[in-house]
Each structure stands twice: as structure tokens, then as C-alpha cells.
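Take a look at the letters that make up each chain.
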Amino acid sequence: MSATATSRGLTASLVRGAVTSPFKRAGRPGATLPADRLVVRDVRIAPGPLASYSRICGFSESGPLPLTYPHVLGFPLAMRLMTGRSFPLPVAGLVHTWIEITRHRAPHLTEAIELTVYADELSPHRRGTEVTMATEARSGGELVWESRSGYLSRHSTRGASPAAEAGLPALPALPALPVAELPAVAEWRLPGDLGRRYGAVSGDRNPIHLYPLTARLFGFPRAIAHGMWTVARCLAESAEPGRISYVRADFRAPVLLPATVTYAVDGAGTAFQLRSGGRVHLTGSTARDGAQPRS
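Note that the coordinates shown come from a computational prediction; the quantities given were computed from them, not determined experimentally. (Residues numbered from 1 in each chain as written. Predicted model: local features only at pLDDT ≥ 70, side-chain atom pairs only at ≥ 80, totals over all residues. Heavy atoms only, no water.)

## Side note on the environment of G128
Structurally, the position occupied by G128 is in strand β4 (residues 128-139). Residues G128 and H155, spaced 27 residues apart in sequence, show a C-alpha to C-alpha distance of 4.8 Å. (Helix = DSSP H or I, 4+ residues; strand = E, 2+ residues; numbered from the N terminus.)

Here it is, written out as C-alpha cells:
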């Protein structure tokens, strides 16, 4: 699959999403997910786009494949699925809430991989309805990389629980736990056009990331940084990012652009945060080759 074909398919999905989103109602009772599994074979890692991604995220251009990059390769498939008629949530304004990535083996930059994307779960959220999307990468039938991501469709839940509005089983409410502040390691100044620049590299041109005007349409006062950029930037800043084989990250609060943020990490180098002032935007944990992920 060529980069040109990928770009064309993603553009078509973005147009379809803009057209279909106004006709979809998040929280519709009895909503179900499509059973489709979208598969693309013979996906090649193009050096140019990979270099652009590495530069904007802070990875070495001569280093191993960034742990987060297969997510970018699978994004056009995810968009195709999420903008289809049978997908129950409007794609415009979806907010990335968490991601978990496991690399079973580092893909070689020259090998062809097969990508599979599917919608795995629909669940209630205190601010709307959340969908879990899964992406898998295989080489020669071997699962080499996989991820699960949560995306939130924000809608009113007044008068009913999110579960009731979405026709889903109710879940017990969990108390919000305080976040311990980790030692600061670096400070980054994020420009106002970061969302547009990362969107050009990743293909994720969700309007909440582009301009203050388009972000305000979805309840944000300014454009917000992509959650996947914040994860990738934190991983790139860590010691020996090429050895990280697992990450779990939770997006706790949007980063309004422009911004100055602090990257923080624990002494073991396995837990990290991104914060500004007294607000924590991102928390995460990692494991390296041969180590078990922290529970």
C-alpha cells in the first residue's frame, strides 16, 4: 500500500466524517458497533513520512521505529471504520481518552506488515459515550504490535446515566484518585500551530486540534494538542526509547495551545506525566524489553 493511496483514503474518510457526523446522535439507546474488521496487507514504512513524524515528536531519525508509529499507519483504517454508516458515534469532535500499546517484536523498517483495525467495545463515560478501537500489526502471520484506544464522544448525560442513555449496562462509579507529582525533567513550549503540524504528519485533522474557531464548535476555548503527540513526545524524551515495548497512557485534561508544559518522570523511568501549573494533562507507565508492565 503506497503513501499516496493511504492519503487519498484518509482524505475520503475525513470528508465522509464531516458529512455524516451531523446525522449521528451519540448516546442513542441500543447503539451497537460494526462487526467489520478492516485489513490492509503489504503496508510499507515510507522513509519520508517516518522522518517527518520522528522530527515533530522528538525521536531520532536514525533510530528504531517509534513505538507509536504503527498507530499512525493504522489511523486511516480506523477513520474509515469510524466514519462508516454503521458506526454509532459522530467522528467529528471525538476525544482520545487513553491508549495502551504492546510491541511483541520490533518491526524492521523494510518489512511489509498487515494492519487490522476493529471497534472492540462501546461503554458509558461520565461525559458521554466511549468506544474502544483496536489496531493489530502482523508480519508473516506473526502479531508484532497491537494497541487499544479509547475515544470519547461528549454529549449530555443529564437526567440519565451514560449507560442508560447509550443502552449499556451500568458501571459502578469510581472515585477520582489524586495524582502524585513526579520530578520535573524538562519544559516544552508548544506553539499554537502544533495541532495543524502534527495533523499534517499523522493525518489526524480532527477540528478540535486545528484552530480556536473549529475547537470552539466542540466546547474547547482553543485548539488542543493531539493526545498521541503528547505520548510520543514523552516517549522520545525517555532514556533509550527504542527499548520501550509497552506503554499505557491516560489523557486526563486537554493541553490548550499554545502552552508551556512540564515533562516529569519517576526515578525508575517507568512512570511519566505531562503537566502545566497544577494541572496534570497526561499520566503514563512504560515497560522495556524483557520487563513486565506495571499493573
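## A few points about the sheet that holds strand β7 (residues 244-251)
Ordered in space as β1-β3-β4-β5-β2-β7-β10-β9-β8-β6, the 10 strands form an open sheet in which the pairing is antiparallel. The open sheet is flanked by β1 (37-43) and β6 (184-190), the only strands paired with a single partner. Along the sheet, successive strands turn relative to each other by an average axial angle of 20 degrees, direction set aside. Pairing between strand β8 (residues 259-265) and strand β9 (residues 271-276): four bridges, direction antiparallel. By the bridge assignment, T262 is partnered in β9 with R275. Across the sheet, helix α3 (residues 69-82) lies against β1, β2 (95-103), β3 (113-125), β4 and β5 (142-154), angled at about 60 degrees from β3, the strand it touches most. Of the strands in this sheet, β2, β6, β7, β8, β9 and β10 (279-288) are in contact with helix α7 (residues 227-237), which crosses β7 at around 135 degrees. (Pairing = 2+ DSSP bridges. Axes fitted to C-alpha atoms, helices over the stretch in contact; angles between N-to-C directions. Contact = heavy atoms within 4.5 Å.)

## Thoughts on α3
Relative to the 20 Å expected for 14 residues at 1.5 Å per residue, α3 spans 20 Å between its end C-alpha atoms, a close match to the ideal helical length. With 13 of its 14 residues buried, α3 lies for the most part within the structure. (Expected span 1.5 Å × (residues − 1). Buried < 20%, exposed > 50% of the residue type's maximum accessible area, 1.4 Å probe, protein only.)

## What about the confidence of the model for the protein?
Keep in mind that low pLDDT regions are not for reading the predicted coordinates in detail. Confidence in the prediction of the protein, expressed as mean pLDDT, is 85, and 80% of residues score 70 or more. In this model residues 160-175 is a low-confidence stretch, pLDDT under 50, and it forms 30 contacts with partners more than four residues away in sequence or in other chains. (pLDDT = per-residue confidence, 0-100.)

## Quick word on unusual backbone geometry
Here the amide bond leading from L257 into P258 is cis, since omega sits at -5 degrees, within 30 degrees of zero. Phi at D42 is positive, roughly 55 degrees, even though this residue is not glycine. Along the chain, D42 falls in strand β1. The backbone phi angle of E240 is positive, close to 50 degrees, even though this residue is not glycine. Checked against the element boundaries, E240 lands in the loop between α7 and β7.

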